[in-house]
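Residue-level structure breakdown
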Amino acid sequence: MTLLAPPIGTAPAAAGIAAAAVGVSKIYGHGDTAVHALDEIDASFQSGRFTAIMGPSGSGKSTLMHCLAGLDTVSHGSILVGDTDLSTLSERELTLLRRDRIGFVFQSFNLVPTLTAMENITLPMDLAGRTPDQAWVDEVINTVGLDDRTSHRPNELSGGQQQRVAVSRALASQPEIVFADEPTGNLDSTTGAEILEFMRRAVREMDQTIVMVTHDPNAASYADRVVFLNDGKIVDEMFEPTPDTILDTMKALGN
Amino acid sequence: MLRLTIKNLLDKKIRFALTTLAVVVGVAMVVGVFAMTDSLRSSFSQLAEDISEATPLTVRTSQEVGREIDRDPVPAAVDEVVRSIEGVEDTVPGVAAFNVVITDGAGEAILPTGPPTLGFSWTPLQFFITDGAVPAGSGEFAADSSTAADNDLQIGSTYVISGPIEQVEFELVGIFNFGAPDKHTTLGQTMAAFEIGVAQEFFGLEDRYSSIGVLLDPGTDTAEVQGRIQEAIGRDYEAVTDEVIEEETTDDINEVIDVFNIILLVFAFIIVFVSAFIINNTFQIVVAQRIRELGLLRAIGATGSQVRNSVIFEALLVGLFSTITGLVLGRFLAGGMRWMLNQGGFSLPTGPLELQPRTVVWAVVVGMGVTLLSSIIPARRARTISPIAAIQSDQQLAGASLRRRLVIGGVVTGIGFLLLLVGLFGSLDTSATLSLVGFGAFLVFIGMNTLAPSFARPAALLIGRPIARILGTPGQIARGNAARTPRRTASTAAALMIGLALVGMAGVVGSSLTKSFLNTLDDAVQSDYFIRSDSGGFDPSVGFSEEVAAEIEALPEFDTVVAYRFAIGSMRIEGSNHDVFTADFELVESHMDADIITGSLSDADAAFAIALHEDSAEDLGVVVGDTLDATFPDNGTDTLTVVAVYRDATIFGNWLIDNDTWERHFSRREIGFASATITGFSDDLPEAEQARLQAGAAEAIAPLGQQFPGVKMESRVEFRQSQQDQLNSFLIVITVLLGLSLVIALIGIANTLGLAIFERTREIGLIRAVGMTRWQLALTIFGEAVIVAIFGAILGLSLGVVFGVAVVIAIPDSVINAISVPYLTLLVYLVIAGFAGMLAALLPAFRAGRLNILDAISHE
């Protein structure tokens, strides 16, 4: 993995790399009006870690996540999920990659309204025609505390419960990596804390890999590592963060 | 507000286009039908004027009973009388006949489907030679230019022509235009012209004329001469002016055009009705989708009425655009229809297509009216949107409650069925029956549309179950999508329901008609061979020469032949005119069994006998042995003895007389239909013997088939098949026309799906993000379309069966006496509807597949 030479993003522990961005730029428009959403970014995300991507609005954090997750294409550079270079994949291959190897949690509107909670959780596997590992699914559901609500439809669930279903879906197929985009952005702080706590447990106890985009220092503090983005560049990173240290860094960025 | 509405429309071009398309097609149909029939009307009335103007007066037999086709000819002596009258310069006597069939060079009879085959005596007033010479002697004839051109008839060649009495060879000496020297106008009929003496002999009208044209001395007063002629010829004959002839001719032609016009208009209005459903549905959905935006308008100060008006204004724009486009397209459509008819054997005049003010008014009424009416309910809903809708995300429009829906829908459906039944079974005249049935069906459709949402959810879930099983997760999501908006699913399905109800009804009626026919053939018909004109149809003007029956009878393989004739309204008994059938009484009982209750046909003095159906006997209060005075088209009256009363009206209708009686009173000689029995044949014979006799008969009759190319001679098996085929092809034509409304319903499905997809953009984004492939997404949309289509098809076909059975019961037993529901055909329609649904989903599926996932997820 000599490709991943840059210092930032290199883990202290020599764990496997779940996903990486190598020299990634994302440019909208061209010529004088070109906007560099991502500017020559190199970053890697280790397996079994909970990483937060932070940055102010317009810093490019969501774009980075979208590129990492195969939802968006890069202008330059390459994205690796495991050993797969996403730039070599067709639209269909990208779809299958998302389905089989990646999990998603969005800020809101995570669930298909016509499907029950359980059907939503197993949706990617159902789409793939795979039989879910029932023991694992049960364990996930059990851990998020959804046991008695799996046959409910999304409109019968509270916002927090809906996000738990979303997280369960992301984890149910045991993906190589889970991307979460402001997963607690629409929740009150107590409910948000529960979701974040569960995500941390999924990483620590169930050996999952999560990359979360957030602008909330409190949310980011649940992560093992925080990567800071500003103006499309990675400007800092932090291990074992606390809300205070994150806030300090953010303030420094603001200046 | 106004500018906002326009911007809104421009913003959603595809939706606008699809919504308009539905109205445009309806308007264009209406305009096209009117424009075409109007131009036909004016061309033919011009032709009628040109022709009748040639002779200021016409002398003919007065007629009180029967149709023009059965008007009695004028004795030649009358011509002598007219000729001698002061002021008459000259007379132009003429004869005309139906069923004068030319055989082409390849030995095929030239038989247009529908239009007649006519024979005339040559008249320089109407026929204009374009090539060759006027037919002057025996063995010569001239043909009209389009018949000659279409069938490659060559001047100098000899052709066999079948007349009412016999078949004769003639040499083609000339080709002529009808109506004008440089322009031939025809509705597709074939015309053969002969020297008058030749024509009289050939048509069996020796010493008689069909009518006598009168030319006046210059400067004489027409009315004066008319009076003198009338006085001289007496009341049995009449002298009429060219205006009367022109009017009669125009009326005759208009009668044909009117039928045509009404049939096409019915189809046009079905299409308009279906489009109304679609527009209504589209506006409903659009208002529901714009609920936040409309709420915002309310929040910033728009009044409820302004919001309502903006919806109505949008409808107005759609209506205006559709009307104008429909008018333009309709003119093209009229040209297209005319072209198609000309391809199909007609030679319609290609005059300018007229857009009469009436047509434009209809276009506006249909285009604007339908659109505005469809927008009333959505607009009223829009008015009730509260400003708070702008902030609340899950605002739902208040629709009618389920209970109200059930009550209103149930009542409307009930009234509809009631009107339908009153129309079908009440003894009303035709136009009242048709309007009641039409309005009843209309109410049933509206009522069902109101009811359908209350059971659309369970129905969608039920229909979706096998689809979910087959398609897996995409099918399951499709099933959920179809079930989650029952109102929308129901009204989209309702548009499809209408077309399929009509198709289903036609299927039931057609199948019952076929079954009735086969029942009659199997149970009541004993003869072994059936002889008919190849031009199809049971038109009284269709027939073949008497010679055919005589030739078959002369064959030793055949025992007896019975000839049948038919005339409409040609027998007056106690003041009313009746359709009349003829047969040979002496023989017919061994050919056809009309289920005679009392009396007998064969024992009677046939020449002055009548047999009638039990209903007619009861109406007149007569029994076997009583007498009835019957008046015929020649104004002659016979006292006929009732010799039999029968129960089955499917064969002879209600009134049957002998051919001898016919020949005394009708100048028409040709036979409409004949049946023959095979010598020695009986159902009791061993099968091998039966087969031997049948084979012998087939072999013996084959040369006659060659000799008379325009006549079909079919064994029982062949006849059965050909009649079934004929009914089937008729049914296919009706089904295809009704199927047009399905195309509009498909636009509705496409439209609704398109709107639903727009509404579910985020959901689609999510589902694609977590790994649904484009193909799976397409399957989801196909699945939903199929569920909606099948739901509509089941509703429609069920209604169609109910309608069809009601119609079959209402049609007199003389036409249909059996009920048959063609389950297999209905099943095929169901499958077709499913596939059609998928077709409608193609564009929405394609568009959904192209949605950018990221944009979709962040879509508001």
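All figures in this text were calculated on a predicted structure; none of them were measured in a lab.

Topic: the overall build of chain B
In terms of helices and strands, chain B carries 25 helices and 24 strands. Projecting the C-alpha coordinates of chain B onto the three principal axes gives extents of approximately 100 × 75 × 55 Å. Burial statistics for chain B: of 860 residues in total, 48% are counted as buried. Considering only contacts within chain B whose residues lie at least 6 apart along the sequence, 84% involve residues at least 24 apart.

Description of the overall build of chain A
The number of helices and strands found in chain A is nine helices and 10 strands. Relative to the 2.2 N^0.38 estimate, which gives 18 Å for 255 residues, the radius of gyration of chain A is 18 Å and therefore close to what a compact globule would have. On the principal axes, the C-alpha backbone points of chain A span a range of 50 × 45 × 40 Å. For chain A, with 255 residues in total, the buried portion stands at 50%. For chain A, the proportion of contacts with a sequence separation of at least 24, taken over those separated by at least 6, is 68%.

Re the environment of Thr249(A)
Residues and elements named next belong to chain A. Along the chain, threonine 249 turns up in helix H9 (residues 243-254). Here threonine 249 falls in the buried class, since 20 other C-beta atoms lie within 10 Å of it. Note: C-alpha distance between threonine 249 and glycine 129 (120 residues apart in sequence) is 46 Å. Beyond its immediate sequence surroundings of up to four residues, threonine 249 is in contact with Phe228, Asp236 and Met238.

Re the sheet that holds strand S3 (residues 50-54) of chain A
Residue and element names in this part refer to chain A. Strand order in the open sheet formed by six strands is S6-S7-S8-S3-S9-S10, and the pairing between neighbours is mixed. Lying at the two open borders of the sheet, with one neighbouring strand each, are strand S6 (102-105) and strand S10 (233-239). Pairs of neighbouring strands in the sheet enclose a mean axial angle of 20°, with direction left out of account. Where S6 meets strand S7 (residues 177-181), four bridges bridge the pair, whose relative direction is parallel. Across the sheet, the residue bridging to phenylalanine 104 is phenylalanine 179, located in S7. Sheet strands touched by helix H1 (residues 61-68): S3, S7, strand S8 (210-214) and strand S9 (225-230). Its angle to S8, the strand with the most contacts, is close to 155°. In the packing of helix H6 (residues 159-172) onto the sheet, contacts are made with S6 and S7, and the angle to S6 comes to roughly 175°.

Some remarks on the packing of helix H7 (residues 242-289) of chain B against helix H21 (residues 716-759) of chain B
Residues and elements named next belong to chain B. It is the contact of H7 with H21, at a shortest axis distance of 9 Å, that shows an interaxial angle of 5°. On the basis of their axis angle, the class for H7 and H21 is roughly parallel. Between H7 and H21, the contacting residues are Phe267, Ile270, Ile271, Val274, Ser275, Phe277, Ile278, Asn281, Thr282, Ile285 and Gln289 on the first element and Leu737, Leu740, Ser741, Ile744, Ala745, Ile747, Gly748, Asn751, Thr752, Leu755 and Glu759 on the second. Of the residues in the contact of H7 with H21, the class split is 13 nonpolar, eight polar and one charged.

A word on helix H14 (residues 486-524) of chain B
Residue and element names in this part refer to chain B. Over its 39 residues, H14 extends 52 Å from the first C-alpha to the last, a length consistent with the 57 Å expected when each residue adds 1.5 Å. Its axis deflected by about 30° at leucine 496, H14 carries its strongest bend there. Taken across its 39 residues, H14 has 30 buried, putting it largely inside the fold.

Some remarks on the sheet that holds strand S1 (residues 57-61) of chain B
Residues and elements named next belong to chain B. Read from one edge of the open sheet, four strands run S3-S13-S1-S14, paired in antiparallel fashion. Of all strands in the sheet, those bounded by a partner on one side alone are strand S3 (88-94) and strand S14 (237-241). Averaged over all pairs of adjacent strands, the angle between strand axes in this sheet comes to 25°, irrespective of strand direction. On the sheet, H7 packs against S1 and S14 and is oriented at approximately 90° with respect to S14.

Description of the confidence of the model for chain A
Across chain A, pLDDT averages 85, with 93% of residues at or above 70. Below a pLDDT of 50 lies the segment residues 1-14 of chain A, which in the model reaches 16 contacts outside its immediate sequence neighbourhood of four places, other chains included.

Details of the environment of Leu500(B)
All names here are of chain B. With respect to the element layout, leucine 500 can be found in helix H14. By the C-beta count within 10 Å, which is 31 here, leucine 500 ends up buried. C-alpha of leucine 500 to C-alpha of asparagine 261: the two residues are 239 residues apart in sequence and 23 Å apart in space. Not counting residues within four places of it along the chain, the set of residues in contact with leucine 500 comprises Gly792, Ala793, Gly796, Leu797, Gly800, Tyr829 and Ala833.

Thresholds applied
- Residues numbered from 1 in each chain as written.
- Chains lettered and ligands numbered in written order.
- Predicted model: local features only at pLDDT ≥ 70, side-chain atom pairs only at ≥ 80, totals over all residues.
- Helix = DSSP H or I, 4+ residues; strand = E, 2+ residues; numbered from the N terminus.
- Buried ≥ 20, exposed ≤ 12 C-beta atoms within 10 Å, placed from the backbone.
- Contact = placed C-beta atoms within 7 Å.
- Rg over C-alpha atoms; globule rule 2.2 N^0.38 Å.
- Pairing = 2+ DSSP bridges.
- Axes fitted to C-alpha atoms, helices over the stretch in contact; angles between N-to-C directions.
- Parallel < 35°, antiparallel > 145°, perpendicular 65-115°, else oblique.
- Nonpolar A, V, L, I, M, F, W, Y, C, P; charged D, E, K, R; others polar.
- Expected span 1.5 Å × (residues − 1).
- Bend = angle between axes of the 7 residues up to and from the residue.
- pLDDT = per-residue confidence, 0-100.

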